[in-house]
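Fold and geometry: a report
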Amino acid sequence: FRLAVVQLQVSSDKANNLSKVRRLVKEAAGQGSKVVLLPECFNSPYGTSFFSKYAEKIPGESTQMLSEVAKENKLHLVGSIPEEDSGKLYNTCAVFGPEGELILKHRKIHLFDIDVPGKIRFQESETLSPGNSLSTFDTFCRVGVGICYDMRFAELAQLYNRKCQLLVYPGAFNMMTGPAHWELLQRAALDNQMYVATASPARDEAASYVAWGHSTVVNGEVIAKAGHEESIIYADILQYLADIRQQIPISSQRRDDLYAVTAMQQGSG
Ligand SMILES: O=C(O)CCC(=O)C(=O)O
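Before going into details, it helps to say that this report is about the structure given with it. On a predicted model such as this, the values are computed, not experimentally measured, just so you know.

Okay, the site of the ligand next. Around the ligand lies a shell formed by Glu40, Tyr46, Lys108, Phe112, Cys148, Tyr149, Arg152, Ala172, Phe173, Thr177 and Tyr209. Within the side chain of tyrosine 46, one N or O atom sits 2.7 Å away from an oxygen atom of the ligand. One of the side-chain N or O atoms of lysine 108 is found 2.6 Å from an oxygen atom in the ligand. When the free accessible area of the ligand is taken as 290 Å², the share hidden by the protein chains comes to 100%. For the shell around the ligand, a count of residues per class yields seven nonpolar, one polar and three charged.

Turning our attention to the sheet that holds strand 4 (residues 88-96). Strands sit in the order 5-4-3-2-1-14 across an open sheet of six strands; the sheet is mixed. Since the sheet does not close on itself, it has two edges, and those belong to strand 5 (102-107) and strand 14 (231-236), each with one partner. Each neighbouring strand pair of the sheet contributes to a mean axis angle of 25 degrees, computed without reference to strand direction. As paired strands, strand 2 (residues 33-37) and strand 3 (residues 76-85) are joined by three bridges and run parallel to one another. Bridge assignment links valine 35 to a residue of strand 3, and that residue is histidine 76. The sheet contacts of helix 3 (residues 61-73) involve strand 3 and strand 4, and relative to strand 3 the element is tilted by about 165 degrees.

What follows is about the pattern of salt bridges. Tallied over the full model, the rule gives 17 salt bridges. With a closest N to O distance of 3.5 Å, glutamate 126 and arginine 121 form a salt bridge. The residues glutamate 126 and arginine 121 share a single accessibility class, namely exposed. Aspartate 257 is the partner of arginine 255 in a salt bridge, and the nearest nitrogen-oxygen pair spans 2.7 Å. Note on aspartate 257: relative accessible area 56%, which makes it exposed. Taken together, the shared-partner salt bridges connect Glu83, Asp85, Lys105 and Arg107 into one network.

Cut-off values and rules
Residues numbered from 1 in each chain as written. Predicted model: local features only at pLDDT ≥ 70, side-chain atom pairs only at ≥ 80, totals over all residues. Heavy atoms only, no water. Near = heavy atom within 4 Å. Polar contact = N/O pair within 3.5 Å; in protein donor to acceptor, adjacent residues only side chain to side chain. Areas by Shrake-Rupley, 256 points an atom, 1.4 Å probe, with all protein chains shown as cover. Nonpolar A, V, L, I, M, F, W, Y, C, P; charged D, E, K, R; others polar. Pairing = 2+ DSSP bridges. Helix = DSSP H or I, 4+ residues; strand = E, 2+ residues; numbered from the N terminus. Axes fitted to C-alpha atoms, helices over the stretch in contact; angles between N-to-C directions. Contact = heavy atoms within 4.5 Å. Salt bridge = Lys/Arg side-chain N within 4 Å of Asp/Glu carboxyl O. Buried < 20%, exposed > 50% of the residue type's maximum accessible area, 1.4 Å probe, protein only.

Okay, structure coming up:
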């Protein structure tokens, strides 16, 4: 099946962000895409000062639009927004199916709290609360969902690996961690023999948080990669995994007698 990643130029104009999503998803559908991935916080500039202003309940304006667009174009649509629920804020990825139905909500499990002196300090936990469950859904294959910083936690990918063929991460790495780690982390899933797709906002040099861009799809090797401007990239998810998992059978070669990665709770999916 064909996967599309929309590297949206997100602005402070929410209505404009939403109408561009409508147009670009339609364009991706016209190219035969069956699963479309949008960037982290596609309706809002990325930053702790924006989350409360742009946050919505689910369902709400932005996710209602996702539902309609998924239904109109008969595809699975994945996108994250700042979510408000019972007075708390979350970074939440919603997945809609081809009938416009909400399939799951993944609330970012690992909040992005880093402090690199002189370079970057970011503390999502000042405004956001973490999610507490893993999230998978079924389409042409089983898909595991994470959001951005979740990508740094190999244990999550390893748990998803037991049942998924594709991992999707809406994300927004920055001009420091982007060049250093963005592609490397995705390609590290080679060890897990999975497809991994990441969707970044396009780069906006004038933004308070400048996203790296370079949305990517890998299967160990990079099979599609955007530049830093607004664009759509496509990848055809094929037989590769079944072949490589058989040829290099690491899942049956694990030394379960020596180590284990264990979920305390499985969450949805
Ligand atoms: O891990 C990183 O370097 C960036 C993470 C991030 O921007 C996020 O979690 O939104």
